[in-house]
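In case you want the letters, here they are:
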Amino acid sequence: MTVQAERRTKRRSKLAWYILGPAVCLISLPAALYICALLLAKGVLSFELTEELVIASVFLCTTLGGIAGCAARGGKVMQTGLSVGAIFALIIVVICLAAPGEGAFNATSLRHVIAAVTGGAFGGALCIKRGNKNSRHKRRKK
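Asker: Give me the lowdown on the environment of C96, citing residues and values where you can.
Answerer: With respect to the helices, strands and loops of the structure, C96 is situated in helix α4 (residues 77-98). When its relative accessible area of 22% is taken as the criterion, C96 is described as partly exposed. In this structure, the C-alpha to C-alpha distance between C96 and S109, residues 13 residues apart in sequence, is 7.5 Å.

So this is what it looks like as structure tokens:
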């Protein structure tokens, strides 16, 4: 029974990536937007950059979420990062649908969805473990 219990605990820890990645995104996005709002209020940044700042914040936060998801999963980093970005993009679409106003399918929300998916994929790409170049070079010479 203990072997079976150990297998279950390992399985649970490996499946936590799909919760951890979007959770990191959801926690870091308000913090990043708050920092941007403070910079706008102090006059450091121009108010004409608000949309670009939101898109950059979404990209950076999903990058962090992709990195966290890949660290939790261990392997398949590109698929994990892309999945974390897609999950966060779905969260953005659901929030846009729930909010009164323009709706979810406009150009602004599409930009946010694209930033979320590409940010997650970028976070996954940052977690790729590259081999040692010297060992590859030695293999070619032989």
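Text resumes after the structure shown.
Asker: Quick rundown of the side chain of H112? Include the residues and the values.
Answerer: Its place among the elements puts H112 in helix α5 (residues 107-126). Look at H112 and you get buried, because its relative accessible area is 13%. Engagement of the side chain of H112 in a polar contact is seen with the side chain of E51, the distance being 3.1 Å. When neighbours within four sequence positions are excluded, H112 is seen to be in contact with E51, V54, I55, V58 and I92.

Asker: An account of α4 is requested, with residue identities and associated values reported.
Answerer: Helix length check: α4 (22 residues) gives 32 Å between terminal C-alpha atoms against 32 Å at 1.5 Å per residue, within 8%. At its buried positions, α4 is contacted by α2 (17-42), α3 (50-73) and α5.

Asker: Hey, could you go over the nonpolar core for me, with residue numbers and the actual values?
Answerer: Membership of the largest hydrophobic core comes to 14 residues, with the highest contact counts inside it found for L29, V58, F88, I92 and A116. A total of five residues in this core trace back to one element, the largest contributor, which is α4. Once you skip the residues sitting within four places of it in the chain, F88 turns out to touch P22, C25, L26, L29, V58, T62 and A116.

Asker: Kindly report on the environment of I67, identifying the contributing residues and their values.
Answerer: With respect to the secondary-structure elements, I67 resides in helix α3. With sequence-adjacent residues up to four places away left out, I67 is seen in contact with G123, L126 and C127.

Asker: Report on the packing of α2 against α4, specifying residues and quantitative values.
Answerer: Any two packed helices are characterised by how steeply their axes cross, that is the angle between the axes, and by the distance between the axes. It is the contact of α2 with α4, at a shortest axis distance of 9 Å, that shows an interaxial angle of 55 degrees. Judged by the angle between their axes, α2 and α4 are oblique. Considering how the two elements wind past one another, α2 and α4 form a crossing that is right-handed. Residues W17, Y18, G21, P22, C25, L26 and L29 of α2 pack against T80, S83, V84, I87, F88 and I91 of α4. A class-by-class count of the residues in the contact of α2 with α4 yields 10 nonpolar, three polar and no charged.

Asker: Before we move on, could you go through α3 and cite the residues and values that matter?
Answerer: An ideal rise of 1.5 Å per residue puts 34 Å on 24 residues; α3 measures up with 34 Å between its terminal C-alpha atoms. Of all the residues in α3, the buried ones are L53, S57, V58, C61, T62, T63, G65, G66, A68, G69 and C70. Elements in contact with the buried residues of α3: α2, α4 and α5. Immediately beyond the C-terminal end of α3, within one or two residues, lies G74, with a positive phi of roughly 95 degrees.

Asker: Please give an account of the side chain of T62 that cites residues and values.
Answerer: Along the chain, the position of T62 falls in helix α3. Judged by its relative accessible area of 0%, T62 is buried. Non-local contacts of T62, meaning those with residues more than four positions away in its chain, are made with C25, F88, A115, A116, G119 and G120.

Asker: Give a description of the state of the cysteines that names residues and reports values.
Answerer: Across all of its chains, the model carries zero disulfides by this definition. Free of any disulfide, C25 has its nearest cysteine sulfur in C61, 7.0 Å distant. Here C36 stays free of any disulfide, with the sulfur of C61 as its closest cysteine sulfur at 8.8 Å.

Each value, and the rule that gives it
- Starting afresh in each chain, residues are numbered from 1 along the sequence in its written order.
- Thresholds applied to this predicted model are a pLDDT of at least 70 for local features of residues and 80 or more for the giving and counting of side-chain atom pairs; totals over whole chains, interfaces and linings are not thresholded and use all residues.
- With hydrogens and water stripped out, all remaining heavy atoms of the structure feed into the side-chain values.
- Here a strand is any run of E in DSSP of at least two residues, a helix any run of H or I of at least four, and the numbering for each starts at the N terminus.
- When a residue's accessible area, from a 1.4 Å probe over protein chains only, is under 20% of the maximum for its type it is buried; when over 50% it is exposed; and in between it is partly exposed.
- Pairing of N or O atoms within 3.5 Å defines a polar contact, subject to two protein rules: one partner must be a possible hydrogen donor and the other a possible acceptor, and residues neighboring in sequence count only if both atoms are side-chain atoms.
- We call two residues contacting when some pair of their heavy atoms lies within 4.5 Å.
- For a helix, the expected span equals 1.5 Å multiplied by the number of residues minus one.
- By convention a nonpolar core is built from buried Ala, Val, Leu, Ile, Met, Phe, Trp, Tyr and Cys residues, the set being connected through side-chain atoms within 4.5 Å.
- Structural elements are reduced to axes, namely lines fitted to C-alpha atoms, with helices fitted over the stretch in contact, and the angle between N-to-C directions of any two is expressed from 0 to 180 degrees.
- Roughly parallel means an angle under 35 degrees; roughly antiparallel, over 145; roughly perpendicular, 65 to 115; everything else is oblique.
- Handedness of a helix crossing follows the sense of rotation of the near helix relative to the far helix, less than a right angle counterclockwise being left-handed and clockwise being right-handed.
- In this count, Pro and Cys sit with the nonpolar residues alongside Ala, Val, Leu, Ile, Met, Phe, Trp and Tyr, while Asp, Glu, Lys and Arg are called charged and the others, Gly among them, polar.
- What counts as a disulfide here is a pair of cysteine sulfur atoms lying within 2.5 Å.

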